[in-house]
Amino acid sequence: MAQSKIKKSNSQIGIWCGMRRWLSRLLVLGASVLLIVIGWGSVTPPSAVASIRQIEEAPGQMLYQSRHTLPDETGQSWQIVLFKRVKAGEPKDISLRLVGFPGMAEFAHPQPLKITTNTGKVLQAEDLFADQSPAANVGQYNITEVLSQLPTATGVKLSLPMKSDRTTTLRIPSVVILEWQTVATE
């Protein structure tokens, strides 16, 4: 009878050890899957990445543009469109159009766009809608002169001049700046 209890006890220990091994393997597998999922998220490009569009507006006139939707410091989405027109092979100025939600954003015209680099250098872009804007929530700036001065290794901060003496801040990642500089060289 003592031997049968020992056999029964040994078989229960064997079952328990087998279950522990199985649970350990399941835990390792789950952790591996979690790490792969987290790792996969870090290698996919950020949502700000977009492609450069090339549109023939008229015979001999091309429009090159980069479009992105990025949030400001409050989480409001902004459409950011950098574009240039090339007519008869001659490029015109490079413009940056910023569009906020109607009723949520109202630009103060004429005010320059301030661009701050990570080193604290402040660049300014001329307000192209100084006389009249198509809508209160739209700003457009000439960034031809400052585009080549923007750092490509780090992002920049745009300070948008709003009515009521307030400023809205947009952070522009380096991948977007690289795309803008590609548009400039197209």
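Values in this document were obtained by computation on a predicted structure and should not be read as measured data.

The rules behind the values
Residues numbered from 1 in each chain as written. Predicted model: local features only at pLDDT ≥ 70, side-chain atom pairs only at ≥ 80, totals over all residues. Heavy atoms only, no water. Helix = DSSP H or I, 4+ residues; strand = E, 2+ residues; numbered from the N terminus. Expected span 1.5 Å × (residues − 1). Buried < 20%, exposed > 50% of the residue type's maximum accessible area, 1.4 Å probe, protein only. Pairing = 2+ DSSP bridges. Axes fitted to C-alpha atoms, helices over the stretch in contact; angles between N-to-C directions. Contact = heavy atoms within 4.5 Å. Salt bridge = Lys/Arg side-chain N within 4 Å of Asp/Glu carboxyl O.

Novice: Would you explain helix H3 (residues 174–185) in this entry?
Specialist: Given 3.6 residues per helical turn, the α-helix brings residues three or four places apart onto the same face. Spanning twelve residues, H3 covers 17 Å between terminal C-alpha atoms, matching the ideal 16 Å at 1.5 Å per step. Along H3, the positions that sit buried rather than exposed are Ser174, Val176, Ile177, Glu179, Trp180, Gln181 and Val183.

Novice: Can you help me understand the pairing of strand E7 (residues 138–142) in this one?
Specialist: The side chains of a regular strand alternate between both faces of the sheet. Within E7, five of the five residues are buried, which leaves it mostly tucked inside the rest of the structure. Here E7 shows two buried faces, one formed by Val138, Gln140 and Asn142 and the other by Gly139 and Tyr141. Here strand E4 (residues 90–99) pairs with E7 via five bridges, running antiparallel. Within E7, the residue paired with Leu96 across the bridge is Tyr141.

Novice: I keep staring at unusual backbone geometry and nothing clicks. Help me out?
Specialist: What you tend to see is this: most non-glycine residues have negative phi, and most peptide bonds are trans. Here the bond from His109 into Pro110 is cis, since omega is -10°, no more than 30 degrees from zero. Position of Pro110 among the secondary structure elements: in the loop between E4 and strand E5 (113–116). Here the phi dihedral of Ser164 falls at roughly 65°; this positive angle occurs in a residue that is not glycine. Mapped onto the elements of the fold, Ser164 is located in the loop between strand E8 (156–162) and strand E9 (166–172). Classification of Ser164 as exposed rests on a relative accessible area of 71%. The backbone of Asp165 sits at a positive phi, close to 55°, despite the residue not being glycine. Turning to its location among the elements, Asp165 is positioned in the loop between E8 and E9.

Novice: Just checking my understanding: could you explain the sheet that holds strand E2 (residues 61–71) for this structure?
Specialist: Whether parallel or antiparallel, the strands of a sheet pair through hydrogen bonds between backbone atoms. Reading across from one edge, E1-E2-E3-E4-E7-E6-E5-E8-E9 is the order of the nine strands in this open sheet, with antiparallel pairing throughout. Edge positions in the sheet fall to strand E1 (52–58) and E9, since each of these pairs with one other strand and no more. Pairwise comparison of adjacent strand axes, ignoring direction, gives a mean angle of 30° for this sheet. In terms of strand pairing, E2 meets strand E3 (residues 77–87) through eleven bridges, oriented antiparallel. In the sheet register, Leu63 faces E3, and the bridge partner there is Arg85. Together, E1, E2, E3, E4, E8 and E9 form the strand contacts of H3, whose direction differs from that of E2 by roughly 170°.

Novice: How do you make sense of the pattern of salt bridges when you look at a structure like this?
Specialist: Side-chain pairs of opposite charge can arise whenever the charged atoms involved come near each other. The full count for this structure, using the stated rule, is two salt bridges. Where Glu57 meets Arg85, a salt bridge forms, and the shortest distance between an N and an O atom there is 2.8 Å. With a gap of 28 residues between them, Glu57 in strand E1 and Arg85 in strand E3 connect regions that are remote in the sequence. Under the relative-accessibility criterion, Arg85 is labelled partly exposed at 34%. Between Glu106 and Lys163 there is a salt bridge whose closest N-O contact spans 3.6 Å. Pair noted here: Glu106 is in the loop between E4 and E5 and Lys163 is in the loop between E8 and E9, with a separation of 57 residues, a long-range link. On the basis of relative accessibility, which here comes to 42%, the residue Lys163 falls in the partly exposed class.

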